[in-house]
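Each chain is listed here by its residues.
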Amino acid sequence: MKKTILATAVIAIVGLSGCASTTPETSVNLSVTNKIEPNDVMLLSSQKVTKSATQVEQNYLSAQNERYAYYAPASWTSVNESIKKMRTLVAEFDPNDQGFFGGPTESEVLTQIDNTQASLDKARRIKGLVSNYLAKSLADADYLSSKIQTQWQSELKNINNSINDIIEDIEDEGKTSGFETRRANIQARMLKLEIKMVKSTHYAPLLALSQKVDQDLIPKSYAQVKGALVKLNDSINLAPRNSEVINNLVSTVESDLTRASNVSAEVSWINSIDSDDSENIALRYRNAFEKLSLSVIEQDVSSLSYAQQMTRFESDINDQLAEQATEINGLKAKLATAVLAEKTANEVIEKAKEEAIAKATEEAVAKAKEEAIAKATEQAIAKAAEEAIAKATEEVIAKATEEVIAEAKDEATTLDNSVISAAE
């Protein structure tokens with residue numbers, strides 16, 4: 001209140017001083033001018049501040065959805081502080097009460113609005129630097145976060161902290177040069193973590209199962225399993241996201257482990273049999289194979305040795321496969337012939353269709369021409385008849401008119417002669 005009274009007093013004093021040195025005529029002009037110009041100036045000032053502040057507010061609201069707090073944390077803090085100060089000055093701004101004992105001036109408010117926009121621009125620039133320079137690191141971190149397991153969360157958190165440290169340092173320096181080593185280190189740590197995650201799911205369980213295999217009992221089968229595990233391990237180290245290759249190798253290892261387990265059981269059974277029962281071992285496998293031969297190749301091979309049985313079985317199977325291949329090739333040839341014949345028939349049909357359409361079109365065009373000519377001829381004849389009738393009518397009328405005029409002239413002449421004769 002005191003502030004307002006004091007301001008009013010100052011304005012009054014300044015006004016009286018001005019009036020004392022002004023002529024009455026000038027004083028009247030100033031009075032009229034002051035009734036119009038100050039209001040217009042104040043209105044324009046208010047509109048200018050409002051328009052500028054509104055634009056910055058819109059930019060700020062848009063930026064809130066763009067994760068500036070992550071990509072440019074310090075700059076975003078500065079933006080929030082600046083926006084609060086801007087809002088306060090805009091709220092306090094009164095174009096009729098500026099400066100000295102009044103509120104903030106237009107210049108002060110506009111300067112703060114510009115500073116706020118400058119803070120937004122800086123945050124946007126820093127975000128652009130960070131998001132481009134750390135694009136792969138940020139993408140890999142998001143990928144790992146979606147697949148992380150409890151035992152790896154602490155390690156991923158440390159990696160994310162390292163990424164945050166680089167972001168803050170880039171923001172402080174305003175450039176990305178000089179961070180290549182730290183960025184490469186983060187990439188290496190994430191790759192290592194990803195490999196461990198994939199191995200824990202696909203490799204470790206199979207390795208644990210392989211360790212249960214008695215490698216002394218079945219060294220060849222164990223070596224096969226070990227070789228498949230090495231390939232799986234190498235593939236994960238090389239490309240942990242190549243799911244197709246990894247899944248195929250996992251299936252191979254699982255198959256080899258199952259085979260090794262079965263071989264181990266067979267060898268253990270063989271070792272447990274007394275030497276007097278050795279015949280049972282031979283009969284077990286021979287009987288199984290002989291039954292298979294009777295079922296598949298329909299031949300009794302029981303008189304042959306086991307090796308001869310295998311050779312005979314393989315030979316007959318190959319012969320059957322060759323016959324089937326010949327039949328299949330014959331069917332393929334027939335199918336190809338049928339496809340070619342169908343294609344040729346379709347081409348003939350399409351050509352016949354095209355010719356029929358062309359012929360029908362020609363006939364339709366010819367018929368249309370004939371009809372058009374006939375119609376045009378009729379119209380021409382009708383028009384000629386009309387013109388002839390009209391011309392004949394005109395001629396008749398003209399002739400009749402001439403005859404009437406001639407008769408009238410003759411009658412007039414006769415009348416004149418009668419009059420003359422009577423006068424004589």
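Attention here is on the structure that accompanies the text. Here the structure is a predicted model, which means the values were calculated and not measured.

**Section: the overall build of the chain**
Part 1 of the argument: Along the chain, the regular secondary structure elements total 13 helices and 0 strands.
Part 2 of the argument: Here the chain, with 424 residues, has 23% of them falling under the buried criterion.
Part 3 of the argument: For the chain, the accessible surface area stands at approximately 29,000 Å², while carbon and sulfur atoms represent 56% of it.

**Quick word on helix α5 (residues 73-92)**
Part 1 of the argument: For α5, with 20 residues, the first-to-last C-alpha span of 29 Å sits near the 28 Å given by 1.5 Å per residue.
Part 2 of the argument: Of the positions making up α5, those classed as buried are Ser75, Trp76, Val79, Asn80, Ser82, Ile83, Met86 and Leu89.

**Some details on the layout of surface pockets**
Part 1 of the argument: Here the second largest pocket defines a volume of roughly 240 Å³.
Part 2 of the argument: Taken together, 14 residues form the lining of the second largest pocket, with Tyr143, Lys147, Val198, His202 and Pro240 sitting closest to its centre.
Part 3 of the argument: Residue contributions to the lining of the second largest pocket peak at 5 residues, all from helix α9 (residues 180-210).

**Regarding helix α11 (residues 243-272)**
Part 1 of the argument: Counted at 1.5 Å a residue, the expected span for α11 with its 30 residues is 44 Å, and the 43 Å between its end C-alpha atoms agrees.
Part 2 of the argument: For α11, the full list of buried residues reads Ile246, Leu249, Val250, Val253, Asp256, Leu257, Ala260 and Ser264.
Part 3 of the argument: Elements that come into contact with the buried residues of α11 comprise α9 and α10 (219-238).

**Details of the nonpolar core**
Part 1 of the argument: In this structure, Val130, Leu134, Ile163 and Leu193 are the most contacted members of the largest nonpolar core, which totals 21 residues.
Part 2 of the argument: Sorting the residues of this core by element identifies α6 (106-133), α7 (135-147), α8 (153-173) and α9 as the ones contributing at least two each.
Part 3 of the argument: Within the second largest apolar cluster, 18 residues are counted, among which are Ile218, Leu229, Ile236 and Ile246.

**Comments concerning a negative patch on the surface**
Part 1 of the argument: Together, Asp165, Glu168, Asp172 and Glu173 make up a region of like negative charge exposed at the surface.
Part 2 of the argument: Mapped onto the secondary structure, Asp172 falls in helix α8.
Part 3 of the argument: Asp172 sits in the exposed class, given a relative accessible area of 62%.

**Focus: the packing of aromatic side chains**
Part 1 of the argument: Using the criterion set out here, one finds 3 aromatic pairs in the structure.
Part 2 of the argument: Arranged with centres 5.5 Å apart and planes meeting at 10°, the rings of Tyr60 and Trp76 form a pair that is stacked. With Tyr60 in helix α3 (residues 37-63) and Trp76 in helix α5, the pair connects residues that are 16 residues apart, well separated along the chain.
Part 3 of the argument: What makes Trp76 buried here is its relative accessible area of 11%.
Part 4 of the argument: Ring plane angle 15° and centroid distance 5.5 Å describe the contact between Tyr68 and Trp76, whose orientation is recorded as stacked. Summarising the burial analysis for this pair, Tyr68 and Trp76 share the class buried.
Part 5 of the argument: Ring-pair connections join several aromatic residues into one group, and the members of that group are Tyr60, Tyr68 and Trp76.
Part 6 of the argument: We note Lys127 situated over the ring of Tyr68; from NZ or CZ to the ring centre the distance is 5.3 Å.
Part 7 of the argument: Positioned above the aromatic ring of Tyr143 is the side chain of Arg241, whose terminal nitrogen or guanidinium carbon lies 3.8 Å from the ring centre.

**Quick word on the side chain of Glu194**
Part 1 of the argument: One can find Glu194 in helix α9.
Part 2 of the argument: Classification of Glu194 as buried rests on a relative accessible area of 7%.
Part 3 of the argument: With near-sequence residues (within four places) excluded, Glu194 lies in contact with Tyr143, Leu144, Pro240 and Arg241.

**Description of unusual backbone geometry**
Part 1 of the argument: Located in the positive-phi region is Arg67, a residue other than glycine, with phi close to 55°.
Part 2 of the argument: By the element assignment, Arg67 lies in the loop between α3 and α4 (68-71).
Part 3 of the argument: Overall, the relative accessible area of 45% leaves Arg67 in the partly exposed class.

**Overview of the environment of Leu89**
Part 1 of the argument: Inspection of the secondary structure puts Leu89 in helix α5.
Part 2 of the argument: For Leu89, a relative accessible area of 17% gives the class buried.
Part 3 of the argument: As a C-alpha pair, Leu89 and Leu110 span 21 residues in sequence and 9.3 Å in three-dimensional space.
Part 4 of the argument: Beyond its immediate sequence surroundings of up to four residues, Leu89 is in contact with Pro104, Glu108, Val109 and Gln112.

Each value, and the rule that gives it
Residues numbered from 1 in each chain as written. Predicted model: local features only at pLDDT ≥ 70, side-chain atom pairs only at ≥ 80, totals over all residues. Heavy atoms only, no water. Helix = DSSP H or I, 4+ residues; strand = E, 2+ residues; numbered from the N terminus. Buried < 20%, exposed > 50% of the residue type's maximum accessible area, 1.4 Å probe, protein only. Areas by Shrake-Rupley, 256 points an atom, 1.4 Å probe, with all protein chains shown as cover. Expected span 1.5 Å × (residues − 1). 1 Å grid on protein atoms, 1.4 Å probe; cavity = no way out; pocket = protein on both sides within 12 Å on 5 of 7 lines; lining within 4 Å. Points joined across faces, edges and corners; volume = space filled by probe spheres on them. Contact = heavy atoms within 4.5 Å. Core = buried A, V, L, I, M, F, W, Y, C linked by side-chain atoms within 4.5 Å. Patch = residues over 30% accessible without salt bridge, like charges linked within 9 Å, V, L, I, M, F, W, Y side chains within 5 Å. Salt bridge = Lys/Arg side-chain N within 4 Å of Asp/Glu carboxyl O. Lys, Arg positive; Asp, Glu negative; His and termini not counted. Charge placed at Lys NZ, Arg CZ, Asp CG, Glu CD. Phe/Tyr/Trp six-rings, centres within 6.5 Å; stacked < 30°, edge-to-face > 60°. Lys NZ or Arg CZ within 6 Å of the ring centre and 35° of its normal.

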